[in-house]
Structures are given as structure tokens and as C-alpha cells.
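Spelled out, the chains give:
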Amino acid sequence: VSGAKKAKTDKDDNNTNGLATCRMLLAELEAHQDAWPFLTPVNHKAVPGYRKVIKKPMDFSTIREKLTNNQYLNLETFIVDVNLVFENCERFNEDDSEIGRAGHRMRSFFDKRWTELLK
Ligand SMILES: Cn1cc(C(=O)NCCN)ccc1=O
């Protein structure tokens with residue numbers, strides 16, 4: 001019947017909610033040589049001012065945890081968290097610093113990859 005709704009299963013291989021794409025993108029971010037500042041949560045005890053300045057900390061291991069716990073509805077909600085990593089980095093670090101430059105390189109890598117994958 002034309003109106004019959006297709007039952008959604010996790011075997012839904014047309015990747016409708018983009019979670020396979022999220023897994024692929026996160027694996028590439030984690031493997032990138034410039035990922036080191038972003039792999040784990042910033043240690044706010046070791047980084048003065050971080051907790052006060054950055055209201056919504058985010059890092060790749062937290063994103064991995066959320067993905068594993070099925071907390072991302074779709075690619076869009078995943079991209080919001082990845083962009084939060086880079087926004088926090090730009091807010092807290094000088095552009096002309098090791099971590100600032102790593103953040104810019106990671107952001108341009110990510111932008112290029114997800115736009116390629118979505119085409
Ligand atoms: C993203 N970010 C990371 C650090 C950091 O120290 N990371 C640990 C590296 N081992 C400090 C400030 C910051 O914005």
C-alpha cells in the first residue's frame with residue numbers, strides 16, 4: 001500500500017539518520033595527527049580559567065560516548081557537538097598558538113570531510 005510506513009530498523013541500510021556517517025567522521029577526527037588537544041576533556045584543574053570561560057566543554061571522547069549511548073538523533077546533532085569543540089578552542093586559545101592552530105586545522109578538515117560525504 002502506498003501509504004504504508006516503512007518500519008524503521010537499525011538495519012535500515014539507506015543510512016537515513018546518518019549515524020554510519022557520524023561513526024566514520026568521528027573515527028577520522030580521532031585519528032587525525034592534530035587531534036591531540038581534543039581527544040579528552042580539558043583538565044580544568046590544570047588549565048586556569050577554563051571552567052569559568054567555557055560554558056559547554058566538549059571533546060572527541062565525550063562525543064564517542066554519546067554516539068555509543070545513542071544520544072545523537074542524526075548527523076545534524078552530531079555536527080553541533082563537533083563544532084562546539086572547535087568554537088571552544090577558538091574562544092580559549094590564541095589563533096597563533098599550538099592548540100589554536102590545531103583547532104583551525106581540525107575544523108577545516110572536518111568541514112571538508114562532512115561536505116564531501118554529504119554530496
Ligand atoms: C582544547 N584545549 C586543550 C588543552 C589541553 O591542555 N589539552 C591537553 C593536551 N594533552 C588546553 C586548552 C584547550 O582549549
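Structure first, text after, so check above.
I will try to describe carefully the structure that is included in this document. All figures in this text were calculated on a predicted structure; none of them were measured in a lab. (Residues numbered from 1 in each chain as written. Predicted model: local features only at pLDDT ≥ 70, side-chain atom pairs only at ≥ 80, totals over all residues. Heavy atoms only, no water.)

Moving on, we get to the packing of helix 4 (residues 75-92) against helix 5 (residues 98-118). Taken N-terminus to C-terminus, the directions of helix 4 and helix 5 make an angle of 160°; their axes are 9 Å apart at the nearest point. For the element pair helix 4 / helix 5, the angle class is roughly antiparallel. For the crossing formed where helix 4 meets helix 5, the hand is left-handed. Every residue of helix 5 that contacts helix 4 at Leu-75, Phe-78, Ile-79, Val-82, Asn-83, Phe-86, Glu-87, Cys-89 and Glu-90 is listed here: Ile-99, Gly-100, Gly-103, His-104, Met-106, Arg-107, Phe-110, Asp-111, Trp-114 and Leu-118. Residues of the contact of helix 4 with helix 5, tallied by class, amount to 11 nonpolar, four polar and four charged. (Axes fitted to C-alpha atoms, helices over the stretch in contact; angles between N-to-C directions. Helix = DSSP H or I, 4+ residues; strand = E, 2+ residues; numbered from the N terminus. Parallel < 35°, antiparallel > 145°, perpendicular 65-115°, else oblique. Left-handed = near helix turned anticlockwise from the far one by under 90°. Contact = heavy atoms within 4.5 Å. Nonpolar A, V, L, I, M, F, W, Y, C, P; charged D, E, K, R; others polar.)

Now for the side chain of Asn-83. Position of Asn-83 relative to the elements: it lies in helix 4. The buried category is assigned to Asn-83, whose relative accessible area is 18%. In this structure, Asn-83 is in contact with Arg-107, Phe-110 and Asp-111, ignoring residues within four places of it in sequence. (Buried < 20%, exposed > 50% of the residue type's maximum accessible area, 1.4 Å probe, protein only.)

If a residue is not glycine, its phi is most likely negative; likewise, a peptide bond is most likely trans. One non-glycine residue with positive phi stands out, namely Asn-70, at about 60°. Locating Asn-70 in the fold gives a position in the loop between helix 3 (60-68) and helix 4.

This part covers the pattern of salt bridges. By the definition in use, this model includes nine salt bridges. Close ionic contact of Arg-101 with Asp-96 constitutes a salt bridge, the shortest N to O distance being 2.5 Å. With a relative accessible area of 66%, Asp-96 lands in the exposed category. We note a salt bridge from Lys-112 to Glu-116, for which the minimum N-O separation is 2.9 Å. Taken together, the residues Lys-112 and Glu-116, both in helix 5 and four residues apart, mark about one turn of the helix. (Salt bridge = Lys/Arg side-chain N within 4 Å of Asp/Glu carboxyl O.)

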